[in-house]
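If you want the building blocks of each chain, they are given just below.
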Amino acid sequence: MAAMNTDSQWPVREFRGVWVATVANIDWPSSRHLSTSQQQHELDLIIQTVHHLNFNAIVFQVRTSGDAMYNSSLDPWSYYLTGTQGKASNPFWDPLAYLIEKSHIYGIEVHAWFNPYRAHAGSKSHSGLAPTNMANRFPQYAYGYGNNLWMDPGAEDVQNYIISVFNDVVRRYDVDGIHIDDYFYPYPVQGQAFPDTHTYTEYKSRGGTLSLSNWRRENINNFVQRVNKEIHATKPYIKFGISPFGIWKPGHPAGIHGFSAYDSIYADSRKWLVEGWVDYLAPQLYWEIDPPAQSYPALLDWWFQQNSKNRHVYAGNEVAKVVSKGWSVQEIANQIKISRNRRNSLSLGNIQFSMKYFIKNSHGISDAFKVLYTAKALTPEMTWMNVSIPAVPKNVKRHSNSLTWSPDTTGVNRYWSIYKQYADAWNLLNVVKADVTSVSNIGDGYYSIKGVNRAGIESKPVVIHINGAQGVIVG
């Protein structure tokens, strides 16, 4: 069974996410030369694996570098989908729409993951970019830096365009969340300054008084604040999350050493949490438990201490290091246990990087998660969201070996959650879409059905006692 609250008979909520990276074909598709049917087969396998392992969220990279893994009139189709940027799959299909439809059958959330400012990954050239790539829309703000082509976060035209891309997905797709990773200003390249001098000079000419570093941070802060405001204005229930580099600044907390995201990529991620500009923060805590210089629990505890608005914290774990660095699978399991032990600090889940290791069961990582995630779980409630209370199921009855109920007529419910009582606790058996009105294979016992809205908040339960052929509502 899932972990239980000490003060509740209902299962604990837990965000169980996994990143599906599409850049460089890391997780999906495995090659940019697959047929449509092969692409769909691989995506089906991802969904089935997530479902089988009792994860409940897929964080799917829809925008790697000014491109799209969905049907967009703004950004071109991704190079990693077909081998040519701007070229759709043939036969045509929409991976994001497909993923959403298939995942929601199992109650799995889909969070659309965006890289905002990178325009060309692995190349500083415009060669191979479609005319609609943002580097070609705004060439004056596209800079070759390191091994990539990068857009200027300080350019208002660039920011407005990228936010229009976010808003377009929110309007047209039934996503559960919008997600940004740790790339804001690019990670610094030794001996190279990021070439945004003319943008900063223009800011100063308008009377701006911020230093270059503070101006860059303010550009990112404004962007994050705008995304939060605009997507929630369109759909209040959309979950907005960011997965920043796990260290805000060295020395925070004391004894932590390493890269400073605040000073080097101008990501003031602490501020985003303090101000409540995110619904969840998923700091990438890609270090082991014991080393004091980058200690998983020390950093996790520090992030909780910054959470004055009581948002959710879902620690990011790098299962890839089981393969790349020889970590034991037990290290990852222990990290999840540490996260779970801090539930009272709003440590309410984890996100794993990345999907392919679960597909391959690398070093037995999937086997380990079968022990960690032994039963289904709903994602945690976001009580601050402006979402109506879900409808209580009506006309719950038994028919043969099935439970049936009336359709939701309010439009508020996202899912129905179905439980069975074991001893003094309820076990989550299934999560089904709001348009489903029955579940089968029902035996004797006590069952409960609740409505679930898009913020994860459940209705009051309807409890039915099944005894032989009879079904009696008891609550």
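Residues numbered from 1 in each chain as written. Predicted model: local features only at pLDDT ≥ 70, side-chain atom pairs only at ≥ 80, totals over all residues. Heavy atoms only, no water.

### What to know about the confidence of the model for the chain
Here is step 1: This prediction gives the chain a mean pLDDT of 96; 97% of its residues lie at or above 70.
Here is step 2: Element-level mean pLDDT values for the chain span from 71 in strand 19 (residues 470–473) up to 99 in strand 2 (residues 57–63).
Here is step 3: Note on residues 1–7: pLDDT under 50 across the span, and 20 contacts to partners over four residues away in sequence or across chains. (pLDDT = per-residue confidence, 0-100. Helix = DSSP H or I, 4+ residues; strand = E, 2+ residues; numbered from the N terminus. Contact = heavy atoms within 4.5 Å.)

### Quick look at helix 1 (residues 36–52)
Because an α-helix completes one turn every 3.6 residues, residues spaced three or four positions apart along the sequence face the same direction.
Here is step 1: With 17 residues, helix 1 should reach 24 Å at 1.5 Å per residue; the first-to-last C-alpha distance of 24 Å fits that figure.
Here is step 2: The set of residues buried in helix 1 consists of T36, Q39, L43, I46, I47, T49 and V50. Taken end-on, helix 1 shows its buried residues confined to a sector of 165 degrees, consistent with a single buried face. Relative to its buried face, helix 1 has exposed residues pointing more than 90 degrees away, namely H41 and H52.
Here is step 3: Residues of helix 1 that are buried sit in contact with strand 1 (15–20), strand 2, helix 2 (79–82), helix 3 (95–104) and helix 13 (356–360). (Expected span 1.5 Å × (residues − 1). Buried < 20%, exposed > 50% of the residue type's maximum accessible area, 1.4 Å probe, protein only. Arc of directions from axis to C-beta.)

### Considering the pairing of strand 14 (residues 413–422)
Here is step 1: Counted residue by residue, strand 14 has 8 buried out of 10 residues, so it is predominantly covered.
Here is step 2: In terms of strand pairing, strand 14 meets strand 17 (residues 445–453) through 7 bridges, oriented antiparallel. Counted as the bridge partner of S417 is K450 from strand 17.
Here is step 3: Sheet topology places strand 14 next to strand 15 (residues 425–433); 8 bridges connect them, and they run antiparallel. In the sheet register, I418 faces strand 15, and the bridge partner there is N430.
Here is step 4: Two successive antiparallel strands, strand 14 and strand 15, enclose a turn made up of 2 residues, where A423 displays a positive phi of approximately 55 degrees. (Pairing = 2+ DSSP bridges.)

### A word on the pattern of salt bridges
Here is step 1: One pass over the full model with this rule turns up 19 salt bridges.
Here is step 2: Among the salt bridges present, the one from R454 reaches D174, with a minimum N-O distance of 2.9 Å. Of this pair, R454 sits in the loop between strand 17 and strand 18 (462–467) while D174 sits in the loop between helix 5 (156–172) and strand 7 (177–180), and the two are 280 residues apart along the sequence.
Here is step 3: On the basis of relative accessibility, which here comes to 22%, the residue R454 falls in the partly exposed class.
Here is step 4: For D174, a relative accessible area of 27% puts it in the partly exposed group.
Here is step 5: Among the salt bridges present, the one from E318 reaches K321, with a minimum N-O distance of 3.5 Å.
Here is step 6: Classification of E318 as buried rests on a relative accessible area of 14%. (Salt bridge = Lys/Arg side-chain N within 4 Å of Asp/Glu carboxyl O.)

### Details of the packing of aromatic side chains
Here is step 1: Within this structure, the stated rule accounts for 39 aromatic pairs.
Here is step 2: On the numbers, 4.9 Å between centres and 75 degrees between planes, the contact of W10 with Y419 is edge-to-face. Linking W10 in the segment before strand 1 with Y419 in strand 14, this pair joins segments that are 409 residues apart in sequence.
Here is step 3: The exposure class of W10 is buried, given its relative accessible area of 18%.
Here is step 4: Both rings, one in W150 and one in Y183, keep their centres 6.3 Å apart while their planes meet at 55 degrees; by these two values the pair is tilted. Here W150 is found in strand 6 (residues 148–151), whereas its partner Y183 is found in the loop between strand 7 and helix 6 (197–205), with 33 residues between them in sequence.
Here is step 5: Residue classification places Y183 among the partly exposed residues on the basis of a relative accessible area of 28%.
Here is step 6: When the ring centre of Y262 is taken as origin, the NZ or CZ atom of R217, which lies over that ring, is 3.9 Å away.
Here is step 7: Directly above the ring of Y262 sits K249, whose terminal nitrogen or CZ lies 4.0 Å from the centroid. (Phe/Tyr/Trp six-rings, centres within 6.5 Å; stacked < 30°, edge-to-face > 60°. Lys NZ or Arg CZ within 6 Å of the ring centre and 35° of its normal.)

### Details of the side chain of N54
Here is step 1: Among the secondary structure elements, N54 is positioned in the loop between helix 1 and strand 2.
Here is step 2: Among the polar contacts made by the side chain of N54, one reaches the main-chain carbonyl oxygen of Y373 at a distance of 3.0 Å.
Here is step 3: With residues up to four places along the chain from it excluded, the contact list for N54 reads R16, Y373, T374, A375 and K376. (Polar contact = N/O pair within 3.5 Å; in protein donor to acceptor, adjacent residues only side chain to side chain.)

### Focus: the side chain of N228
Here is step 1: Relative to the helices and strands, N228 is located in helix 7 (residues 212–234).
Here is step 2: Apart from the residues lying within four places of it in its own chain, the contact partners of N228 are F240, G276 and W277.

### What about the sheet that holds strand 12 (residues 397–399)?
Here is step 1: Sheet architecture is open: 3 strands sit in the order 12-13-16, paired in antiparallel fashion. Two strands lie at the open edges of the sheet, namely strand 12 and strand 16 (438–439), each paired on one side alone.
Here is step 2: Relative to strand 16, strand 13 (residues 402–404) runs antiparallel, the two being bridged by 2 bridges. Following the sheet pairing, L403 is matched in strand 16 by V439.

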